[in-house]
Amino acid sequence: MGKVIRSQNDTWTRAEDASAIGALRRSAVMLAEARGFDEEDAGRVAVAVSEAASNLVKHAVEGVMLVRPHPELDSAIEVIAIDRGPGMRDVSRALRDGYSTAGTLGIGLGGIARMTSGYEVHSMPGRGTVLGMYFTARNAPRPASRVSGLTRPIGEEIVCGDAFVVAEHDTTTTVMLCDGLGHGSLAAHASQEAARLFLQHADLPPVTVLERIHLGLGSTRGGAVAVARVDRAAGTVSFAGLGNVSAWIAHQEGRQGMISVPGIAGHKARTLRQYEYAVPQHSMIVLHSDGLSDRWDITSYPGLVARPPSVVAATLLRDAGTRRDDACVVAMRPWTS
């Protein structure tokens, strides 16, 4: 098995008043210092996060921000800002120095971009803005931006009952997503057990991995589980799912669903099956729990599938996610950029 990426206990901070700006800045700087950033590099993080948070407080509707270790590269920091504000018609214009707008992130966006090691913005008038950015120390490696996942617990719950794990090896990337039955600590226990079992068997075919997880979750609440393996060299994805995890091949012209069989991993299952799909270039593989509605329409987001997986995942979490359930979404770029 090669590199492993696991879901984190993502903590989303509401940017509703000025106190959030300082809290987010301090959190980001502490994370930078813990990862060996020097004073100058940590200062870049502080300025960019403060500016982005300030714009959320001043202009956003339902603005939230996530500061965390980058899922693909632990030495890097990832920051994601989401809002339902007025959005921007012309992001490239907003990136110009001196440009000001009443829309979210219009003030200082060019400065934010220069402070980061990498950034991406997706904004639509009337729907809001998603800003994804990452920071590395100078001359340090940069993340591949090939896969990203986000979680959000139900309501004010502290732990999320949904989880994902990604295992990369040579030209293949395999992702497992588990929606633990219900929510809270018992659901989280089921999804973490699924993650443990996945890592034991990740090199096996997806349907075999799913069988092992199903057999191993009997002492837990169980849940819905899906396993997808992308072969970048072949341009294919192999998929096996049990229960209500949605899986899609999304491209600018639409999306194709991948088939799961009904049941609950650990308790009830029909014959498990594996399906093979061709993956078009410039597409995105998306898996999500039923904490996101499956009614989203990728064609209503011009250019979104060309953005990094973190921005795709954040946009879908914002627009399709429900606060009435735990939510988890993973976006994976099948082709090497």
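The structure we're discussing is the one just above.
In this text the structure is predicted, and so the values were computed from the model without any measurement.

A. How the structure looks around the sheet that holds strand E12 (residues 246-251). Pairing is antiparallel across the open sheet formed by five strands, whose spatial order is E7-E18-E17-E12-E13. The sheet is open, and its two edges are formed by strand E7 (147-152) and strand E13 (254-257), each paired on a single side. Put simply, the sheet's adjacent strands are angled 20 degrees from each other on average, direction ignored. As judged from the five bridges shared by E12 and strand E17 (residues 284-288), these two strands associate in the antiparallel manner. Along E17, the bridge assignment pairs Ser 246 with His 288. Contacts from helix H7 (residues 309-320) reach E7, E17 and strand E18 (327-332), with the element oriented near 30 degrees to E7.

B. A look at the sheet that holds strand E16 (residues 275-278). Within the open sheet, the six strands sit side by side as E1-E8-E9-E10-E11-E16. Their pairing is antiparallel. Looking along the sheet, the strands with just one partner apiece sit at the ends: strand E1 (4-6) and E16. Strand-to-strand twist across the sheet, computed as the mean angle between neighbouring axes with direction ignored, equals 15 degrees. Of the pairings in the sheet, the one linking strand E11 (residues 236-242) to E16 comprises four bridges and is antiparallel in character. Bridge pairing in E16 links Ser 238 to Glu 276. Most of the contacts of helix H5 (residues 185-201) go to strand E9 (residues 172-180), to which it runs at about 155 degrees, and overall it touches E1, strand E8 (162-169), E9 and strand E10 (223-231). Relative to E11, helix H6 (residues 206-216) is tilted by about 20 degrees, and along the sheet it contacts E9, E10 and E11.

C. Molecular detail of the side chain of Thr 116. You can see Thr 116 is positioned in the loop between helix H4 (109-115) and strand E5 (118-124). What makes Thr 116 buried here is its relative accessible area of 11%. Within the structure, Thr 116 has its side chain in polar contact with the backbone oxygen of Gly 118 (distance 3.5 Å). Apart from residues lying up to four places away in sequence, Thr 116 is in contact with Arg 44, Met 133, Tyr 134 and Phe 135.

D. Main features of empty space enclosed by the protein. Counted according to the given criterion, the structure contains one cavity of 30 Å³ or more. Volume-wise, the largest cavity comes out at about 30 Å³. Along the walls of the largest cavity sit His 122, Ser 123, Met 124, Gly 128, Thr 129, Val 130, Tyr 301, Thr 315 and Arg 318, which together make up its complete lining. Broken down by secondary-structure element, the contributors of at least two residues to the lining of the largest cavity are E5, strand E6 (128-135) and H7. For the lining of the largest cavity, the per-class residue count stands at three nonpolar, five polar and one charged.

E. Representation of helix H1 (residues 19-34). Between its first and last C-alpha, H1 extends 23 Å over 16 residues, near the 22 Å set by a 1.5 Å rise per residue. Among the residues of H1, those classed as buried are Ala 20, Ile 21, Gly 22, Leu 24, Ala 28, Val 29, Leu 31 and Ala 32. Packed against the buried residues of H1 are strand E2 (12-14), helix H2 (39-59), strand E3 (64-70) and strand E4 (73-83). Looking one or two places after H1, you find Gly 36, whose phi comes out positive at around 85 degrees.

F. Broad picture of H5. If you check H5, its first and last C-alpha atoms are 24 Å apart, about what 17 residues at 1.5 Å a residue would give, namely 24 Å. Within H5, the full set of buried residues consists of Ala 187, Ala 188, Ala 190, Ser 191, Glu 193, Ala 194, Ala 195, Leu 197, Phe 198 and His 201. Lining the buried residues of H5 we find E1, E8, E9, H6 and E10.

G. View of the layout of surface pockets. Considered as a void within the structure, the largest pocket measures approximately 580 Å³ in volume. As for the largest pocket, its lining consists of 23 residues, and the residues nearest its centre are Trp 12, Arg 14, Val 64, Arg 152 and Arg 323. Take the lining of the largest pocket: its biggest share by element is three residues, from E2.

H. Just the pairing of E17, in detail. With five of five residues buried, E17 is to be regarded as a mostly interior element. Neither face of E17 is left uncovered, since the one carrying Met 284, Val 286 and His 288 and the one carrying Ile 285 and Leu 287 both have all their residues buried. Inspection of the sheet shows E17 paired to E18 by four bridges, in the antiparallel sense. The residue bridging Val 286 from the neighbouring strand is Ala 331, located in E18.

I. Examining unusual backbone geometry more closely. A positive phi is found at Asn 139, a non-glycine position, where the angle reads about 65 degrees. For Asn 139, a relative accessible area of 87% translates into the label exposed. The phi torsion at Asp 170 lies on the positive side, around 50 degrees, for a residue other than glycine. Assignment of secondary structure puts Asp 170 in the loop between E8 and E9. Exposure remark for Asp 170: the relative accessible area of 65% places this residue in the exposed category.

Reading guide: rules and limits
Per chain, residue numbering runs from 1 following the sequence as it is written. The predicted origin of the model limits local features to residues at a pLDDT of at least 70 and limits the giving and counting of side-chain atom pairs to 80 or more, whereas totals for whole chains, interfaces and linings rest on all residues. Only heavy atoms go into the side-chain values, all of them from the structure, while hydrogens and water stay out. In short, DSSP must find at least two bridges between two strands for them to pair. Elements are defined by DSSP. Helices are runs of H or I of four residues or more, strands are runs of E of two residues or more, and each kind is numbered from the N terminus. Fitting a line to C-alpha atoms yields each axis, with helices limited to the stretch in contact; the angle taken between N-to-C directions then spans 0 to 180 degrees. In what follows, residue pairs with any heavy atoms lying within 4.5 Å of each other are defined as contacts. When accessible area is computed with a 1.4 Å probe and restricted to protein chains, residues below 20% of their type maximum are described as buried, those above 50% as exposed, and intermediate ones as partly exposed. We call two N or O atoms a polar contact when they sit within 3.5 Å, provided that within protein one can donate a hydrogen and the other can accept it, with sequence-adjacent residues counted only if both atoms are side-chain atoms. Only protein atoms enter the calculation, which uses a 1 Å grid: trapped sets of points that fit a 1.4 Å probe without letting it out are cavities, open sets showing protein on both sides within 12 Å along at least five of seven lines are pockets, and any residue with an atom within 4 Å of a point is a lining residue. Grid points are joined across faces, edges and corners, and a volume is the space filled by probe spheres set on the points. Each residue gets one of three labels, nonpolar for Ala, Val, Leu, Ile, Met, Phe, Trp, Tyr, Cys and Pro, charged for Asp, Glu, Lys and Arg, and polar for the others, Gly among them. Working rule for helices: expected span equals 1.5 Å times residues minus one.

That's the geometry; what it means functionally is another story.
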